[in-house]
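Commentary on secondary and tertiary structure
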Amino acid sequence: METTGLKLYGFEITTIALYDGKNIRYYIQGQNLEEFIEDIQNYNVIVTYNGKTFDVPFIEDQFGIQLNQAHIDLRYVLKSLGYSGGLKRCEKALGLDRGDLDGVDGYFAVFLWYDYQQNKNKKALETLLAYNIEDVVNLESLMVMAYNMKIKDTPFNGTHELPLPKMPEIPFKPDLQTIDRIKTTMAGFI
């Protein structure tokens, strides 16, 4: 999930991505964001990174719903394995490469949304969606890695390990010109 800011109150959801290991779904404010409410009900378990603290309360507040699914927050699972920090830091530590999206984070995502809104830059929206979808797609790999590490010292090691999932085709590509331009703009805010 991406928002117009990094606080729970006074900001809005801009995009949400869902990935169930087969299908990628994405939702955009002003287009189809409300469809998320129905679609999320199709799942009994949700996997997030820091979702217990940020995403779930934000979604519940914005939509006025309760997400009662079982919830695996990989922030805590990975911390128990010695990996801490944000999602991108854990991804790097575990060997996941974001390619052209390296260096793009949640703060940057806010600038992408504003560029899309203020300048009607569709490339900014596509970059934001590529980033948001990469987050959820990588959660599957992180979940499998964490599971395999957790069973390493059990009798199930070697017999119940899971193979790393194949990366699906992400329907959007980041636009490097947009990223570079926004990085230059952001440098003026730091």
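Overview of the structure. (Residues numbered from 1 in each chain as written. Predicted model: local features only at pLDDT ≥ 70, side-chain atom pairs only at ≥ 80, totals over all residues. Heavy atoms only, no water.)

**Here we look at the packing of helix H5 (residues 106-119) against helix H6 (residues 122-150)**
Close contact between H5 and H6 brings their axes to 7 Å; oriented N to C, the two are set at 150 degrees. With respect to H6, the axis of H5 lies roughly antiparallel. Seen along the crossing, H5 lies across H6 with a hand that is left-handed. On H6, the residues touching Gly106, Ala109, Leu112, Trp113, Asp115 and Tyr116 of H5 are Lys122, Ala124, Leu125, Thr127, Leu128 and Tyr131. In the contact of H5 with H6, the residues fall into eight nonpolar, two polar and two charged. (Axes fitted to C-alpha atoms, helices over the stretch in contact; angles between N-to-C directions. Helix = DSSP H or I, 4+ residues; strand = E, 2+ residues; numbered from the N terminus. Parallel < 35°, antiparallel > 145°, perpendicular 65-115°, else oblique. Left-handed = near helix turned anticlockwise from the far one by under 90°. Contact = heavy atoms within 4.5 Å. Nonpolar A, V, L, I, M, F, W, Y, C, P; charged D, E, K, R; others polar.)

**Let's talk about the nonpolar core**
Val104, Phe108, Leu112 and Leu125 are the most contacted members of the largest nonpolar core, which totals 25 residues. Going through the elements one at a time, strand S2 (13-19), H5, H6 and helix H7 (176-187) are the ones with two or more residues in this core. Residue contributions to this core peak at nine residues, all from H6. Apart from residues lying up to four places away in sequence, Val104 is in contact with Lys88, Leu112, Tyr131 and Ile179. Within the second largest apolar cluster, 17 residues are counted, among which are Met1, Tyr27, Leu33 and Val56. (Core = buried A, V, L, I, M, F, W, Y, C linked by side-chain atoms within 4.5 Å. Buried < 20%, exposed > 50% of the residue type's maximum accessible area, 1.4 Å probe, protein only.)

**Re the sheet that holds strand S1 (residues 2-3)**
Overall, antiparallel pairing links the three strands, which are arranged S1-S2-S3 in an open sheet. Looking at which strands have only one partner, the edges of the open sheet turn out to be S1 and strand S3 (24-28). Alignment of S1 against S2, held across two bridges, turns out to be antiparallel. Within the sheet, the bridge partner assigned to Thr3 lies in S2 and is Ile13. Along the sheet face, H6 touches S1, S2 and S3 and points at about 40 degrees away from the line of S2. (Pairing = 2+ DSSP bridges.)

**A short note on the pairing of S3**
Pairing between S2 and S3: five bridges, direction antiparallel. Looking at the pairing, Ile16 lines up with Tyr27 of S3. Linking S2 back to S3 in an antiparallel pair, the connection comprises four residues, with Gly21 at a positive phi of about 95 degrees.

**Considerations on H7**
Spacing of three or four residues puts side chains on the same side of an α-helix, whose turn is 3.6 residues. For H7, built from twelve residues, the straight-helix expectation of 16 Å at 1.5 Å per residue is met to within 8% by its first-to-last C-alpha distance of 16 Å. All of the buried residues in H7 are Thr178, Ile179, Ile182 and Met186. The buried residues of H7 occupy one face: seen down the axis, they fall within an arc of 95 degrees. H7 presents Gln177 and Thr184 as exposed residues on the side facing more than 90 degrees away from its buried surface. (Expected span 1.5 Å × (residues − 1). Arc of directions from axis to C-beta.)

**A few points about H5**
Here H5 is 14 residues long and its end C-alpha atoms lie 20 Å apart, about the 20 Å a rise of 1.5 Å per residue gives. Within H5, burial applies to Phe108, Ala109, Val110, Phe111, Leu112, Trp113, Asp115 and Tyr116. Where H5 is buried, its residues touch S1, S2, S3, H6 and H7. Backbone nitrogen of Tyr107 and a side-chain oxygen of the N-cap are separated by 3.2 Å at the start of H5; the cap is Asp105. Backbone geometry just after H5 places Lys120 at a positive phi near 55 degrees. (Polar contact = N/O pair within 3.5 Å; in protein donor to acceptor, adjacent residues only side chain to side chain.)

Limitation: the analysis is restricted to geometry and does not speak to function.
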